[in-house]
Amino acid sequence: MDTRPTFYQEITNMMYATHGDPISTCIQCGTCSGTCPVVEFMDHTPRDLIGMIRADLKDEVLASNTYWYCASCFHCNVRCPAHIDIADLMYTLKRYSIWKNQYPEGLIGPTFAETFVKMILSGGRSYEPVLAPAYIFNYGLQGFLNEALTATGLLLKGRIPVLPPRIKRLDNFRRMVGHIIPASNLVGEAK
Amino acid sequence: MSEKVGVYICHCGANIAGVVDVAALSHWAGELPDVAVARDYKFMCSSLGQELIEKDIQELGLTRVVVAACSPHLHEATFRNCCKRAGLNPYLFEMASIREQVSWVTANKTVALEKSKALISGAVHRVIHNQALEPIIVDINPNVLVVGGGITGIQAALEIADAGYHVYLVEREPSIGGHMAQFDKTFPTLDCSACILTPKMFSAGTHPNITLLTWSEVEKVDGYVGNFTVKVRQKARKVNTELCTGCGICEQKCPKKVIDTVFEAGMGLRKAVYTPFPQAVPKYPVMDVQNCTFFQKGTCKACEKFCPTGAIDFKQEDKVVSFDVGNIILATGWDLFDCRRIPQYGYGRLANVYNSLEFERLSNAAGPTGGKVILRDGVTVPQSVGIIHCVGSRDKNYNPYCSAICCMQSLKFAHLVKEKTGAQVYNFYIDIRTPLKAYDEFYQHILETDETRFVRGKVAEVTDAARLPGEEGKLIIQVEDTLIGKQRRIPVDMVILSAGLEPRHDAKEVAKLFGIGCSADQWFIERHPKLDPVATMTEGVFVAGVCQGPKDIPLSVTQGAAAAARVIGLVNRKQVSLEPVRASVNAEQCSGCRICNNQCPFNAISFLVDKGVSEINPALCQGCGTCVAACPAGAITGSHYTNAQILSQIEGILEVELGQREAVPA
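The next subject is the overall build of chain B. The secondary structure content of chain B amounts to 18 helices and 34 strands. Counting only C-alpha atoms and orienting by the principal axes, one finds that chain B spans roughly 90 × 70 × 40 Å. Burial analysis of chain B (666 residues in total) assigns 47% to the buried set. Restricting to contacts in chain B with at least 6 residues of sequence separation, those with at least 24 account for 70%.

Next up, the structure:
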């Protein structure tokens, strides 16, 4: 007998410590998708995605753009009648997807997420001048110029620090993160 | 002292035997001191199991019996009767719960066996100290109190009154009839609600065996099954009911108009002196002192001037009446979920969002619009109507339970809207639940004939903020149509929220008043959810209708009648035997400190001034044990719970050596 956990079990396990109730309690009412402000850009609605996870449709879920488009507004969480932490489910799927190195081509989400985590692990804080250029060319040259103009403005007003900030005891912090996220290979790289 | 104890261990099929090694257990029990025989059997509660015990009592001369099986809650009475049949006093029997407290709570066979041994050892030690007791026989007062004059209470009252017993029907509002009187049609057959209800109201109002106490509330309940004393506060109507003929002139002449938030659900007006609706029973009006011009400003008295019989009595005060009853039926009903708690549905903010009771009044031919379904502006007929199911129900943010009536109610609304306006109707549902007789037929009928669009999805929000063309001036319902997996925005003119049922806001206090329990949702708790749905854990107090949990009219009527049947059965017996578990004071040890006197929740303890000691009235005592614990001299003993019994049981439990085990992971 195959004792490896199914995709559904893996996702459930990864969500074990979240605030919400397990996704097995979803009644497929669609409150989340009805509420979602960015649902029109998603190829599957959040409710649909929960159904797909419960059906163990791993490849279809990992090929979906839904969770990369989640804006983390947490409106679905507030309204969910089953108290499922849907926004956190989206984060879980992002982590899983990066962990398995399996996500749709051409999405800025995975690149952004990976850059962000690496940057946090290297300095302990977010630093926009490094974060932005890493994925900004996805919008083409015009997009880059627009962003650069905004960034310069912010820099002049003192809204963006000139030098990357660093926190104390970075090693402890990295070890801590390594315990939490399965993408621990990133921790190694960052060192 | 040599008692002969028989120990019987039940397999309960695989319920116990699947976890506990019953053979080893019965072998071990056979070796205990004083145990004459120990046996295990598949089902002790079966007639064969009981015969086994009876045979042993007679043939082996057992003087004590211990059964290790389920909870005493379930089968203590069964085995007590079994002992009685074999000639053994039923109180010389003891039960050890090795199902609820052992096999159902662990899968670990080692600890299960150890704990079973401990419980049996405790029971054996205790049973030796048990004393033979005789039940206390008391008379039953044939009068009955029914609290709540909705359809459930009316049904119960009529059944009991027809059986020839006297009923006091207490209702908080000015008229009986309850929520059903507010409805226009009733599902699934669309009977006119008033047509089927008012004859029953009239019967209840005129029945010689029914004393109607409307505009009244129960204040105090004392006593026990068969002998309750009830105090009821009759709020001042400011109308002398002996003179009033119910002509309605006072109501006509009253110049003060008030929004009726109770009967008309805020949709219509009433006067300051009023009967809630023309068919009200009793016909006597009540005066709303908060809004009466005379009471607020000191002038007016129009009602008094015009009353042809001089029945208006501004000086009338609340009256507290007291009477004795033998049994009580609670049928206190429900409150509607307050839709304001879900701000995204816009109720109370967007004018044309209605709750279900408001729509009932809107569609009622006797309602404020004469049955015309129109928007709040009072003229516009809606072209499209959205009906939202499960509002406040099946939602952990509000009420987690299903309110049971909303699906059918929403289908009824869909039909009524279509019939009265021809509007396009949308039903937004999560699941359609039509489980009772002819209910699904009604659903099929709506599907076939009414052109109602069914959208499967819980509505995310109702808004008046137009975003797309065609949405201006409309209410937009934003929802995921889960069957196509797409978010939709559906513009409509009117939204009806099918709000759920909630326990009465004061259900907890009422439960306390009558000495019964409330569930976590605050519905009254029945004795057994399946097999004893109208009795409660308090003898002589019954529950019926929605106060016990959400249900529709047919089920409420059924429960009302069921509770009445239970009461009639009890009253017919004329006497009831009470458990002889009672406290008694040892006069020689009593110092007369009177600490116990105020502790007793049943007022059963009185102080004998001449003897200088306290005394307990065994008929009032319920054996709760409060005084036993309170007595500083240890002068009070609770029979069947004596110190000797409890201490020896603890000793017995501790005698069994429990093995070391790992800490249970949190």
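A tally of helices and strands in chain A yields twelve helices and zero strands. For chain A, the N- to C-terminal ordering of α and β elements is α-α-α-α-α-α-α-α-α-α-α-α. Taken along its principal axes, the extent of the C-alpha atoms in chain A is 55 × 35 × 30 Å. For chain A, the residues scored as buried account for 26% of the 191 residues in total. A sequence separation of at least 24 residues applies to 59% of the contacts in chain A between residues at least 6 apart.

Here we take up the pairing of strand β4 (residues 93-97) of chain B. All names here are of chain B. Among the five residues that make up β4, five are buried, leaving the element largely enclosed by the rest of the structure. On β4, burial covers both faces: F93, M95 and S97 on one face and E94 and A96 on the other are all buried. Note on the crossover from strand β3 (residues 64-69) through helix α3 (residues 72-85) to β4: the handedness is right-handed.

The domains assigned to chain A are domain 1 (7-99) and domain 2 (108-190). The distance between the C-alpha centroids of domain 1 of chain A and domain 2 of chain A comes to 25 Å.

Moving on, we get to the sheet that holds strand β26 (residues 486-492) of chain B. Residues and elements named next belong to chain B. One open sheet accounts for three strands, arranged β24-β25-β26; its pairing is antiparallel. Strands at the two margins of the open sheet, each flanked by one partner only, are β24 (461-463) and β26. When the angles between neighbouring strand axes are averaged without regard to direction, this sheet yields 25°. Relative to strand β25 (residues 475-481), β24 is paired through three bridges, and the arrangement is antiparallel. By the bridge assignment for β25, E461 is matched with Q478.

The next point concerns the pairing of strand β18 (residues 327-330) of chain B. All names here are of chain B. Because side chains alternate across β18, one face comprises the buried residues N327 and I329, and the other comprises I328 and L330, equally buried. When β18 meets strand β29 (residues 541-543), the two strands line up parallel, connected through three bridges. Directly across from I329, in β29, lies its bridge partner F542.

What follows is about the environment of C45(B). Residues and elements named next belong to chain B. Looking at the secondary structure, you find C45 in the loop between β2 (35-41) and α2 (47-60). Using a count of 18 C-beta atoms within 10 Å as the deciding quantity, one classes C45 as partly exposed. Spatially, the C-alpha atoms of C45 and I329 are 32 Å apart, while their sequence positions differ by 284 residues. In this view, C45 contacts H75 and T78; residues no more than four positions away in its chain are not counted.

All names here are of chain B. When cut into domains, chain B gives domain 1 (5-135 + 646-655), domain 2 (145-233 + 320-333 + 504-578), domain 3 (236-317), domain 4 (337-500) and domain 5 (583-638). Look at where the C-alpha atoms of domain 2 and domain 4 centre, and you get two points 32 Å apart. The interface is formed by twelve residues belonging to domain 2 together with 22 residues belonging to domain 4. Classifying every residue of the side of domain 2 that touches domain 4 by side-chain character gives six nonpolar, one polar and five charged.

All names here are of chain B. A sheet is described by the order of its strands in space; here five strands give the open sequence β10-β7-β6-β18-β29, paired in parallel fashion. Pairing within the sheet leaves two strands with one partner each, and these edge strands are β10 (210-213) and β29. Looking at each pair of strands side by side, their axes are set apart by 20° on average, direction ignored. The sheet strands contacting helix α6 (residues 151-162) are β6 (144-147), β7 (167-170), β10 and β18, and the helix crosses β7 at an angle near 170°.

A common measure of how large an interface is: the accessible area buried when the components associate. Across the contact, 16 residues belong to chain B and 18 residues belong to chain A. No other element matches β25(B), which puts three residues into the side of chain B that touches chain A.

A word on the packing of helix α1 (residues 22-30) of chain B against helix α5 (residues 109-129) of chain B. Residue and element names in this part refer to chain B. For the pair α1 and α5, the least separation of the axes is 11 Å and the interaxial angle reads 35°. Note on packing geometry: the crossing formed by α1 with α5 is right-handed. Contacts between α1 and α5 involve A24, L25, W28 and A29 from the first element and L113, S116, K117 and I120 from the second.

Moving on: helix α14 (residues 507-514) of chain B. Residues and elements named next belong to chain B. Along α14, the residues classified as buried are A507, V510, A511 and F514. Burial along α14 is one-sided: seen end-on, the buried residues are contained in an arc of 100°. Looking at α14, the residues exposed on the side facing more than 90 degrees away from the buried face are K508, E509 and K512. Just downstream of α14, G515 is the residue with a positive phi angle, here 70°.

All names here are of chain A. For chain A, mean pLDDT is 85; residues scoring 70 or higher make up 90% of the total. Per-element confidence in chain A is highest for helix α3 (residues 46-54), whose mean pLDDT is 97, and lowest for helix α12 (residues 184-190), whose mean pLDDT is 49. Predicted confidence for residues 187-191 stays below pLDDT 50, and this span has nine contacts to residues more than four positions away or in other chains.

Per-residue pLDDT for chain B has a mean of 94; in total, 99% of the residues score no lower than 70. The ipTM, which scores confidence in the relative placement of chains, is 0.81 for this predicted complex, and the corresponding pTM is 0.86.

Before going further, it helps to examine helix α18 (residues 643-655) of chain B. An ideal rise of 1.5 Å per residue puts 18 Å on 13 residues; α18(B) measures up with 18 Å between its terminal C-alpha atoms. On its buried face, α18(B) is in contact with α5 of chain B.

Residue and element names in this part refer to chain B. Formed by 115 residues in total, the largest nonpolar core has its most connected members in A157, L169, I329, L330 and L497. The element that contributes the greatest number of residues to this core is helix α12 (residues 406-421), accounting for eight residues. Apart from residues lying up to four places away in sequence, L169 is in contact with V146, G149, G153, A157, I176, A204, I210, L212 and L213.

Most of the time, phi is negative for any residue but glycine, and the peptide bond is trans. Residue and element names in this part refer to chain B. Note the cis peptide between F187 and P188, where omega equals -5°. If you trace the backbone, P188 turns up in the loop between β8 (185-186) and β9 (191-192). At the junction of V281 and P282, the peptide bond is cis and its omega measures out at 0° in the coordinates. Its place among the elements puts P282 in the loop between β15 (273-274) and β16 (286-287).

The subject of this paragraph is the environment of R233(B). Residues and elements named next belong to chain B. By the secondary structure assignment, R233 is in strand β12 (residues 227-234). Overall, R233 belongs to the partly exposed group, with 17 C-beta atoms counted inside 10 Å. Between the alpha carbons of R233 and R126 there is a distance of 48 Å; along the sequence they are 107 residues apart.

Thresholds applied
Residues numbered from 1 in each chain as written. Chains lettered and ligands numbered in written order. Predicted model: local features only at pLDDT ≥ 70, side-chain atom pairs only at ≥ 80, totals over all residues. Helix = DSSP H or I, 4+ residues; strand = E, 2+ residues; numbered from the N terminus. Buried ≥ 20, exposed ≤ 12 C-beta atoms within 10 Å, placed from the backbone. Contact = placed C-beta atoms within 7 Å. Right-handed = clockwise from strand over helix to strand, strands pointing away. Domains from an automatic or database assignment. Pairing = 2+ DSSP bridges. Axes fitted to C-alpha atoms, helices over the stretch in contact; angles between N-to-C directions. Nonpolar A, V, L, I, M, F, W, Y, C, P; charged D, E, K, R; others polar. Left-handed = near helix turned anticlockwise from the far one by under 90°. Arc of directions from axis to C-beta. pLDDT = per-residue confidence, 0-100. Expected span 1.5 Å × (residues − 1). Core = buried A, V, L, I, M, F, W, Y, C linked by C-beta atoms within 7 Å.

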